[in-house]
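Fold and contact review
Each chain, letter by letter, is given below.
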Amino acid sequence: MPPTADALTITLKNARSVRRISQLELALRMGVSQRHVSFVEIGRAKPSRHLLMNWLHELQAPLGLRNAALLQAGYAPAYSDAPLTDAALAPATLALQQLLTTHDPFPAFVLDAKWNVLNANAGARWLCHTLMPALWPQLENGGLNMLDALAHPQGLLQAMLNLHENASQMLAYLRDSVASQPSLMPQVNQVAAAVQQRLAQRVQRQATQAPAGPGSPLLVNRFASPHGDLSFFSMLSTFGSPQDITLASLRVEHLFAADAQTAEVLKRNVPPALVDTAQAAI
């Protein structure tokens, strides 16, 4: 038994627990016996490299976790972990930049797995400056984290008009992200506390509001701004079947105007000259 066998068993048990998959279901997916799955999880059997790769694939484990498990089992890692500045990732960084540029004047952000903003287009920079000017320097200096921006006393939650409608879905989404990034739990808990505090401040107002009409097919977030109310829904772009840990951790969040007023405000306030010059280096 390798010295890291205990670490491997913990990794595999946690990965299965996060996905809420039983040993029997996992065994059936891989075409092995439940007994063998149990023996591997308690350290009585060592999985082959092929089985371990299949195991982690079935659990949709993040690529970084797959490398860690391989190393714990005594195998070489399977995935590269190059920085975005690496020449090998140049086509990917170009694709990210194109996504940002073509989405202007509507906001778009490049986020990593820990919710750090790595890049933002002109529309996103304008929106951050408009909704949370106190955090604008962090974005300009490349140090803005969106979870921290949500929890900040002068962050996004303070400008959100319909938090009471979307809080449960937003928190559920954030907690799902903890499954692949357990280190995010303290930040997600801070966001949850900020949400509860914000909702408590609205209790009296909510009690006097008219009942909501039929729900939208899209989750729309509405924000108060000096330009009037702004409404957005979002879409996410990720790389298809990435084979590098850095690329697998990235996603582009595209915000779209949910009404004509928001679209007009963005088109009026994010001029083409800014679109051409406000590209931040990843």
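Residues numbered from 1 in each chain as written. Predicted model: local features only at pLDDT ≥ 70, side-chain atom pairs only at ≥ 80, totals over all residues. Heavy atoms only, no water.

Secondary-structure assignment places Gln23 in helix 2 (residues 23–30). At 2.9 Å, the side chain of Gln23 forms a polar contact with the side chain of Glu41. For Gln23, the contacting residues outside a window of four places in its chain are Arg16, Gln34, Val37, Ser38 and Glu41. (Helix = DSSP H or I, 4+ residues; strand = E, 2+ residues; numbered from the N terminus. Polar contact = N/O pair within 3.5 Å; in protein donor to acceptor, adjacent residues only side chain to side chain. Contact = heavy atoms within 4.5 Å.)

The biggest cluster of nonpolar side chains holds 46 residues, and the ones touching the most others in it are Phe109, Val117, Leu144, Leu157, Leu163, Leu174 and Val195. Once residues lying within four places of it in the same chain are set aside, the contact partners of Phe109 are Leu100, Val117, Asn119, Ala120, Ala124, Cys128, Arg251, Val252, Glu253 and Leu255. (Core = buried A, V, L, I, M, F, W, Y, C linked by side-chain atoms within 4.5 Å. Buried < 20%, exposed > 50% of the residue type's maximum accessible area, 1.4 Å probe, protein only.)

Here strand 3 (residues 221–223) runs beside strand 4 (residues 230–237); their pairing, made up of three bridges, is antiparallel. Looking across to strand 4, one finds that Asn221 is bridged to Phe232. Here strand 4 pairs with strand 5 (residues 251–257) via six bridges, running antiparallel. If you follow Leu236 over to strand 5, its bridge partner there is Glu253. (Pairing = 2+ DSSP bridges.)

This next bit is on the packing of aromatic side chains. For the structure on display, the rule yields three aromatic pairs. Judged by centre distance (6.5 Å) and plane angle (50°), the rings of Phe223 and Phe232 are tilted. Each member of the pair Phe223 and Phe232 is classed as buried. A centroid spacing of 5.5 Å and a plane angle of 15° characterise the contact between Phe233 and Phe256, whose relative ring orientation is stacked. Highlighted residues: Phe233 in strand 4 and Phe256 in strand 5, separated in sequence by 23 residues. (Phe/Tyr/Trp six-rings, centres within 6.5 Å; stacked < 30°, edge-to-face > 60°.)

Among all positions of helix 5 (residues 63–72), only Leu63, Arg66, Asn67, Ala69, Leu70 and Gln72 are buried. Within two residues after helix 5, Gly74 carries a phi angle of roughly 95°, on the positive side.

Its 18 residues place the ends of helix 11 (residues 163–180) 25 Å apart at the C-alpha level, agreeing with the 26 Å of an ideal helix rising 1.5 Å per residue. At Gln169, helix 11 shows its maximal bend, which comes to roughly 25°. Within helix 11, the full set of buried residues consists of Leu163, Asn166, Ala167, Met170, Leu171, Leu174, Ser177 and Val178. Buried residues along helix 11 sit in contact with helix 9 (146–151), helix 10 (156–159), helix 12 (185–201) and strand 3. (Expected span 1.5 Å × (residues − 1). Bend = angle between axes of the 7 residues up to and from the residue.)

Bringing unusual backbone geometry into the picture now. Cis geometry marks the peptide bond from Asp104 to Pro105; its omega dihedral reads 10°. For Pro105, the position within the fold is in the loop between helix 6 (90–103) and strand 1 (108–111). Of note in this structure, Gln60 is not a glycine but carries a positive phi near 50°. In this structure, Gln60 sits in the loop between helix 4 (49–58) and helix 5. At Ser241, a position not held by glycine, the phi torsion is positive, near 50°. Along the chain, Ser241 falls in the loop between strand 4 and helix 14 (245–248).

On to the environment of Thr9. Mapped onto the fold, Thr9 is located in helix 1 (residues 5–19). Through-space distance from the C-alpha of Thr9 to that of Gly43 is 6.1 Å; in sequence the pair is 34 residues apart. Setting aside chain neighbours within four positions, we find Thr9 in contact with Val40, Glu41, Ile42 and Gly43.

Looking now at the pattern of salt bridges. If the charged atoms of two oppositely charged side chains come close together, the side chains can form a pair. If you walk through the whole model with that rule in mind, you get four salt bridges. The shortest N-O distance in the salt bridge between Arg16 and Glu41 comes to 2.6 Å. Placement of the pair is Arg16 in helix 1 and Glu41 in helix 3 (residues 34–42), with a sequence separation of 25 residues. (Salt bridge = Lys/Arg side-chain N within 4 Å of Asp/Glu carboxyl O.)

Adjacent strands of a sheet pair through backbone hydrogen bonds, lying either parallel or antiparallel. Strands sit in the order 2-1-5-4-3 across an open sheet of five strands; the sheet is antiparallel. Strands at the two margins of the open sheet, each flanked by one partner only, are strand 2 (117–120) and strand 3. Neighbour-to-neighbour, the strand axes of this sheet turn through a mean angle of 30°, independent of strand direction. The strands touched by helix 15 (residues 260–269) are strand 4 and strand 5; relative to strand 4, the strand with the most contacts, the crossing angle is about 80°. (Axes fitted to C-alpha atoms, helices over the stretch in contact; angles between N-to-C directions.)

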